[in-house]
Amino acid sequence: MKLTGISGSVVGEKTSQAVHDVLMTAKRLDPSLEIELIDLKEYDVEMVRGFPLAGYNQDTWDVVNKITTADALVIGSPIYQASISGVLKNLFDHLPVDAFKAKVTAMVTTGGVEKHFLVSEYQLKPILSYLKGMVPTYSVFVHNDDFNDDNEITNPIVNERISKLSEEILQLHNALQHKKG
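This is a predicted model, so every value here is computed, not measured. (Residues numbered from 1 in each chain as written. Predicted model: local features only at pLDDT ≥ 70, side-chain atom pairs only at ≥ 80, totals over all residues. Heavy atoms only, no water.)

## With respect to the side chain of histidine 116
Note the following rule: Here a strand is any run of E in DSSP of at least two residues, a helix any run of H or I of at least four, and the numbering for each starts at the N terminus. The contact definition used throughout considers only heavy atoms, calling two residues in contact when any of these lie within 4.5 Å.
Relative to the helices and strands, histidine 116 resides in the loop between strand E4 (104-111) and helix H4 (118-130). In this structure, histidine 116 is in contact with Ile79, Ala82 and Phe141, ignoring residues within four places of it in sequence.

This is the structure in structure tokens:
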């Protein structure tokens, strides 16, 4: 199984770290996992202009291909102005409408306002569902105060949610595979 994480931020490290923690926790639960983190700050994903994918640069092509070939995804976004990041939304706009069909699509968000945990449920989840993703019941919101100065998550409650989300990703993926078989 290939579990791919997406850090939908072009600044800072918190979102990337939170997604990485989910990937590593899942890998500890199932050492056979192939994991990869797509950190959007490392790619030049072009703005959508209505062209077919072949009309965009290699980075755009590579990121879309990595996402569509993954078996399951951990999608992370910082929350800005009560919304997901623009770069993540732009990436979603590059994907075909069934890009997440039969894939587990987990949500991880970071932010500085406690109420921003609702953005996952009311903005990100509908997008993932529209793209035909199976969204786990668990999600993870990490408040900026839950990180130490080295951007490590220090809140035990958040770390427990990361563990539960990782377990659910694997359980749902296995159920989907069993259903296909």
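## With respect to the packing of aromatic side chains
Going by this rule: Under the pairing criterion, centres of Phe, Tyr and Trp rings, with the six-membered ring standing for Trp, must be within 6.5 Å; the plane angle then separates stacked pairs below 30 degrees from edge-to-face pairs above 60, leaving the rest tilted. Relative accessibility under 20% of the residue-type maximum defines a buried residue, over 50% an exposed one, and the middle range a partly exposed one, all with a 1.4 Å probe and only protein chains included. The rule for a charge over a ring is simple: NZ of Lys or CZ of Arg within 6 Å of the ring centre, and within 35 degrees of the ring normal.
Using the criterion set out here, one finds two aromatic pairs in the structure. Seen from their ring centres, phenylalanine 51 and tyrosine 56 are 5.8 Å apart, and the 40° between their planes marks the pair as tilted. Look at tyrosine 56 and you get buried, because its relative accessible area is 8%. Sitting over the ring of phenylalanine 147, lysine 14 keeps its end group 5.6 Å from the ring centre. Seen from the ring of tyrosine 130, lysine 132 lies directly overhead, with NZ or CZ sitting 5.9 Å from the centre.

## Notes on the UniProt feature "domain: NADPH-dependent FMN reductase-like" (unreviewed entry) in the protein chain
For clarity, the threshold we go by: UniProt positions are given in the numbering used here, feature names are shortened, and annotations may be inferred rather than shown by experiment.
Listed under "domain: NADPH-dependent FMN reductase-like" (unreviewed entry) in the UniProt record, and renumbered for this structure, are residues 1-144. Structurally, residues 1-144 comprises 35% helix and 22% strand, and the distance from its first C-alpha atom to its last is 31 Å.

## Some points on the sheet that holds strand E1 (residues 2-7)
Basically, it comes down to this: A pair of strands is considered paired only if DSSP assigns at least 2 bridges between the two. Axis definition: a line fit to C-alpha positions, over the contact stretch in the case of helices; interaxial angles, taken between N-to-C directions, run 0 to 180 degrees.
Reading across the sheet, the five strands line up as E2-E1-E3-E4-E5 and stay open at both edges, with parallel pairing between neighbours. Of all strands in the sheet, those with a lone pairing partner are strand E2 (34-39) and strand E5 (140-143), marking the two edges. Pairwise comparison of adjacent strand axes, ignoring direction, gives a mean angle of 15° for this sheet. Taken strand by strand, helix H3 (residues 86-94) contacts E1 and strand E3 (72-78), and its axis lies near 145° from that of E3.

## Comments concerning the pairing of E3
Threshold: Whether a crossover is right-handed comes down to one check: with the strands pointing away from the viewer, does the path from the first strand over the helix to the second run clockwise; if it does, it is right-handed.
Within E3, seven of the seven residues are buried, leaving the element largely enclosed by the surrounding structure. Both faces of E3 are covered, namely the face carrying Ala72, Val74, Gly76 and Pro78 and the face carrying Leu73, Ile75 and Ser77. The pairing of E1 with E3 spans five bridges and is parallel. What sits directly across from isoleucine 6, in E3, is isoleucine 75. Of the pairings in the sheet, the one linking E3 to E4 comprises seven bridges and is parallel in character. Pairing of glycine 76 across the sheet is with valine 108, part of E4. The parallel pair E3 and E4, bridged by H3, forms a crossover whose chirality is right-handed.

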